[in-house]
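Reading the structure
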Amino acid sequence: MSTLVLVFHPHLEDASRINRRLVEEARRHAETITVVDEYAAYPDFHVDKDHEQQLVDAADRLVFEFPFYWYSAPALLKQWEDAVLTSDWAYGNAHALAGKEIQVVTTTGSPADTYTPEGRHHHTMDELLSPFETMADHIQATWVKPFVVSGVADLTDADLDRIAADYVKAITA
Ligand SMILES: Cc1cc2nc3c(=O)[nH]c(=O)nc-3n(C[C@H](O)[C@H](O)[C@H](O)COP(=O)(O)O)c2cc1C
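If you're wondering where the values come from, they're calculated on a predicted model, not measured in any experiment.

Each value, and the rule that gives it
- Every chain's residues receive numbers from 1 upward, in the order its sequence appears when written.
- Local features in this predicted model are restricted to residues of pLDDT 70 or higher, and side-chain atom pairs are both shown and tallied only at a pLDDT of 80 or more, whereas totals for entire chains, interfaces and linings draw on every residue.
- Only hydrogens and water are set aside; all other atoms, that is, all heavy atoms of the structure, feed into the side-chain values.
- A helix here means a DSSP run of H or I that spans at least four residues, while a strand means a run of E at least two residues long, and both kinds are numbered starting from the N terminus.
- DSSP calls a pair of strands paired once it identifies at least 2 bridges connecting them.
- Only the stretch in contact is used when a helix axis is fitted, and all axes are lines through C-alpha atoms; the angle between N-to-C directions ranges over 0 to 180 degrees.
- Salt bridges, as used here, are contacts in which a Lys or Arg side-chain nitrogen is within 4 Å of a carboxyl oxygen on Asp or Glu.
- Pairing of aromatic rings covers Phe, Tyr and the six-membered ring of Trp, with a centre-to-centre limit of 6.5 Å; geometry is then stacked below 30 degrees between planes, edge-to-face above 60, and tilted otherwise.
- Any residue under 20% of the maximum accessible area for its type is buried, any over 50% is exposed, and the rest in between are partly exposed; the area is computed with a 1.4 Å probe on protein chains only.
- Crossovers are marked right-handed if the path from the first strand over the helix to the second runs clockwise, as seen with the strands pointing away from the viewer.

In the Ramachandran plot, Y71 falls in the positive-phi region, its phi being about 65 degrees despite a non-glycine side chain. Following the sequence through the fold, Y71 ends up in the loop between β3 (61-67) and α4 (75-84). Even without being a glycine, H122 presents a positive backbone phi close to 65 degrees. Along the chain, the position of H122 falls in the loop between β4 (101-107) and α5 (125-128).

Our next topic: the sheet that holds strand β2 (residues 33-37). Here 5 strands make up an open sheet; going across it, the order is β2-β1-β3-β4-β5 and the pairing parallel. Each having just a single partner strand, β2 and β5 (142-149) make up the two edges of the open sheet. Strand-to-strand twist in this sheet, taken as the mean axis angle between neighbours without regard to direction, amounts to 20 degrees. Inspection of the sheet shows strand β1 (residues 3-7) paired to β3 by 5 bridges, in the parallel sense. Bridging from a neighbouring strand, T3 pairs with R61 of β3.

Here we come to the pattern of salt bridges. Opposite charge on two side chains allows them to pair when their charged atoms are near. One pass over the full model with this rule turns up 10 salt bridges. Its salt-bridge partner being K78, residue D82 comes within 3.0 Å of it at the nearest N-O pair. In this pair, D82 and K78 both sit in helix α4, 4 residues apart, roughly one turn of the helix. Here the salt bridges do not stand alone but share partners, grouping R21, E24, E25, R28 and D161 into one network.

As a further point, take the packing of aromatic side chains. Throughout the structure, instances matching the rule amount to 8 aromatic pairs. Centre to centre, the rings of F8 and F64 are 6.3 Å apart; their planes meet at 45 degrees, and the pair counts as tilted. Taken together, the residues F8 in the loop between β1 and α1 (18-27) and F64 in strand β3 connect sequence positions 56 residues apart. Of the two residues, F8 and F64, both sit in the buried class.

So, on to the pairing of β2. The buried count for β2 comes to 4 of 5 residues, which makes it a mostly enclosed element. Both β1 and β2 contribute to a ladder of 5 bridges, which runs parallel. Directly across from L6, in β2, lies its bridge partner V36. The handedness of the β1 to β2 crossover, carried by α1, is right-handed.

Here it is as structure tokens:
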């Protein structure tokens, strides 16, 4: 199975700690995992629809990876969806992603117990990620359980090594 990881982090190569570590691990598996730093590719937000559609065509699983920003993804992912998931390619008279898998990988500053009905944010991560799940359903892709890394400020380097190994398993399983 080939996995395409599209990373939407505005500062992947400088300010990021968690996603940069995950991406470093994914890049060690270049035979099955392709990683693209989307903010580096499109700093002006002019997403190349044809190029991105070719990347998706070649993959079995599409992974959207991002730091959780304001209960969603950084803005370029929304731009990517609007530019790439076009009518009569992703939905309508053609379904280019039918039979493919879609998965979200996201990292949150807040700990896991704050993403519960009783917790500070009142909603679960599954609820907050439901626009992505609904998008996958609409384009006839199979939704794969998200891989969420929570409470990132408390993670030691040893924690991160273990999580990075789990992440590679999760995005290739
Ligand atoms: C603009 C912005 C918005 C954020 N919004 C959230 C949020 O809604 N929920 C949350 O748990 N963390 C939030 N965070 C924290 C980030 O998710 C956290 O810093 C990131 O996942 C760490 O990953 P990195 O080391 O790869 O940057 C936000 C951070 C920024 C800069």
